[in-house]
Amino acid sequence: MHRSLRHRPTGPDAARWARFTALPPVMKLLISTQLAFNVGFYMVLPYLATHLAEDLGLAAAAVGLVLGLRTFSQQGMFVVGGALTDRFGAKPVVLAGCALRVIGFILLGAAGTLPAVIGGALLTGFAAALFSPAVESSLAREAGVRERAGEGPARTEVFALFAVAGQVGTVTGPLVGTALLLVDFRTACLVAALGFVLIGLAHWRWLPWRAAEQAGRPILAGWGEVLGNRRFMVFAAGYSGWLLSYNQLYLALPAELERVDRTAALGFLFVLMSVLVITLQLRVTGWSRRIGAGRSVVLGFCLMAASFGVVAVARLLPALPGWWAPAPAVAMVVLLTFGEMLAVPVAQDLVPRLAGERRLGAHFGVLASFGGLMVLVGSTGAGALLDPAFPPAVPFVVLAAVPLAGAAVLGLLARRGGMAPVPA
């Protein structure tokens, strides 16, 4: 047999993988859920704008409205999904989210008018606002219980595997969607809907009915508790710049590739990002645990700032010749990805620690909505600054300042002991 086929992880990697394979079924289900969700999402959503413009003939403003409403119905409503999870438990919220996404995809595939398209977009977005906080808070709770009992890997490592699963779905989804689009957009939507039917059935069968932590208590009380957690709110404000930085892969990165006439490289750079996460996330997370949560998150945000700084400097200089032209864009993707790998799993582990292991759905929901608000405001500003009327380096200088400010806030919080666990 070829040597590469006989290879197995050794040393710390072997021990880490062995512990992952020994995870209980419910945690494997939750991690697999992230993969399945992303496959279904990326089968359809990357092609939605083209479908609206070319197949339905909608104006650019209408396309922008649909995409904006879909994003808002997801990111802006995470606080609702999180609060409902705490109030009713994860299982009914996940099942409701799957049902809404099935209806949303069917409606998107069948829609021929703008109101119908908007309805489908809103349903698909709100579905994610329901099941994402439910899944993340459930995984945090299950992993935390096992970590405290010494029966499994650290919760940070579990969230690292969660990120890897998501990236596998991110790579696989567009490939499946491209194949289905050889038929038509409606077929892609129907297959995605069928996928979420299967996801819902899997959770109905295997996700345990856990007693809701805040059963019978007012939902507004949960939001009040989260908003009153000052350390968490400072953390959420500092961390919100991550989602804005990540979303520049869809806004600032294409603009940079267009500047150097290398727009065809966009697909390659998305694949590069996914390959880096799939192959290196667990190693990076192992190293981040050794240097500590505060340092890891701050370093990650500094790398995000550097990713935009590289492009800002490149835009002040003559364009690189030939094959070197997209080098600043490649550096942006690599630095941004390593920053994400350092910061995100650690931050997801910090959320329940800062929450005192209470109202995890509401805390994860508020964190996501903070990021959504930052994207709404920040991407609007970044889009305006990318106009040719502004000096070419300005938008990337501004974008670099956002995670740099986040690093300063998070670093100050860590130095003052603000990232230490809150007693449960």
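Starting from 1, residues in each chain are numbered consecutively following that chain's sequence as written. Residues qualify for local features only when their pLDDT is at least 70, as the model is predicted, and side-chain atom pairs are given and counted only at 80 or more; totals for whole chains, interfaces and linings, by contrast, use all residues. Only hydrogens and water are set aside when side-chain values are computed; all heavy atoms of the structure are taken into account.

Would you mind showing me how to read the packing of helix α3 (residues 25-44) against helix α7 (residues 90-110) here?
Two quantities define a packed helix pair, namely the angle between the axes and the distance from one axis to the other. Only C-alpha atoms enter the line fits that serve as axes; for helices the fit covers just the stretch in contact. Angles between N-to-C directions range over 0 to 180 degrees. Numbering of helices and strands starts at the N terminus; helices are DSSP runs of H or I of at least 4 residues and strands are runs of E of at least 2. With their axes 12 Å apart at the nearest point, α3 and α7 run at an angle of 20° to one another. With respect to α7, the axis of α3 lies roughly parallel. Remark: the crossing between α3 and α7 carries left-handed chirality. Residue-level inspection shows Phe37, Gly40, Phe41 and Val44 of α3 in contact with α7, the latter providing Cys98, Arg101 and Phe105. When an angle is under 35 degrees it counts as roughly parallel; over 145 it counts as roughly antiparallel; between 65 and 115 it counts as roughly perpendicular; any other value is oblique. Each crossing gets its handedness from the near helix: less than a right angle anticlockwise from the far helix is left-handed, clockwise is right-handed. Any two residues whose heavy atoms approach within 4.5 Å are treated as being in contact.

Is there a simple way to explain the nonpolar core in this structure?
A general tendency of soluble globular proteins is for nonpolar side chains to be buried together. In these notes, a set of buried Ala, Val, Leu, Ile, Met, Phe, Trp, Tyr and Cys residues joined through side-chain atoms within 4.5 Å is what counts as a nonpolar core. Relative accessibility thresholds used throughout: buried, under 20% of the residue-type maximum; exposed, over 50%; partly exposed, between the two (1.4 Å probe, protein chains only). Ranked by internal contacts, the top residues of the largest apolar core, which has 102 residues, are Phe232, Phe235 and Phe301. It is helix α8 (residues 114-148) that provides the largest number of residues to this core, a total of twelve residues.

Can you walk me through the layout of surface pockets in this structure?
Space left empty within the atom packing is revealed by a probe, the size of a water molecule, rolled over the atoms. Its volume calculated, the second largest pocket comes out at about 270 Å³. Cavity means a closed set of points on a 1 Å grid over the protein atoms alone, one where a 1.4 Å probe fits but cannot get out, pocket means an open set with protein on both sides within 12 Å along at least 5 of 7 lines, and lining means a residue has an atom within 4 Å of a point. Forming the walls of the second largest pocket are 19 residues, and the residues nearest its centre are Ala90, Ser138, Arg141, Arg210 and Ala211. Counting residues per element, the ones that place at least two in the lining of the second largest pocket are α6 (78-88), α7 and α8. By residue number, the principal contributor to the lining of the second largest pocket is α8, which donates four residues. Grid points are joined across faces, edges and corners, and a volume is the space filled by probe spheres set on the points.

Honestly, the confidence of the model for the chain in this entry has me stumped. Any pointers?
Low-pLDDT stretches of the model should not have their predicted coordinates read in fine detail. Residue-level confidence of the predictor is what pLDDT reports, using numbers from 0 through 100. The pLDDT averaged across the chain works out to 86; a share of 92% of its residues lies at or above 70. Per-element confidence in the chain ranges from a low mean pLDDT of 40 for helix α1 (residues 3-6) to a high of 96 for helix α16 (residues 293-316). Note on residues 1-9: pLDDT under 50 across the span, and three contacts to partners over four residues away in sequence or across chains.

When you look at the side chain of threonine 285 in this model, what are you seeing that I'm missing?
Within the element layout of this structure, threonine 285 appears in helix α15 (residues 266-291). Judged by its relative accessible area of 1%, threonine 285 falls in the buried class. Discounting residues that sit within four places of it in the chain, threonine 285 has contacts with Thr156, Glu157, Ala160, Met341 and Pro345.

Got a minute to help me understand the pattern of salt bridges in this structure?
Pairs can form between side chains of opposite charge once their charged atoms are near each other. The salt bridge criterion pairs a side-chain nitrogen of Lys or Arg with a carboxyl oxygen of Asp or Glu, the two atoms within 4 Å. Counted under the stated rule, the structure contains eleven salt bridges. Residue aspartate 349 pairs with arginine 155 through a salt bridge whose shortest N-O separation is 2.7 Å. A residue pair is termed long-range when its members are at least 10 positions apart, and aspartate 349 in helix α17 (residues 327-354) and arginine 155 in helix α9 (residues 155-180) qualify at 194 residues. Between arginine 315 and glutamate 256 there is a salt bridge, and its shortest N-O distance comes to 2.9 Å. Taken together, the residues arginine 315 in helix α16 and glutamate 256 in helix α14 (residues 252-259) connect sequence positions 59 residues apart. Relative accessible area serves as the criterion here: at 12%, arginine 315 is assigned to the buried category. Among the ionic contacts, a cluster of salt bridges with common partners joins Glu147, Arg148, Arg155, Asp349, Arg353 and Glu357.

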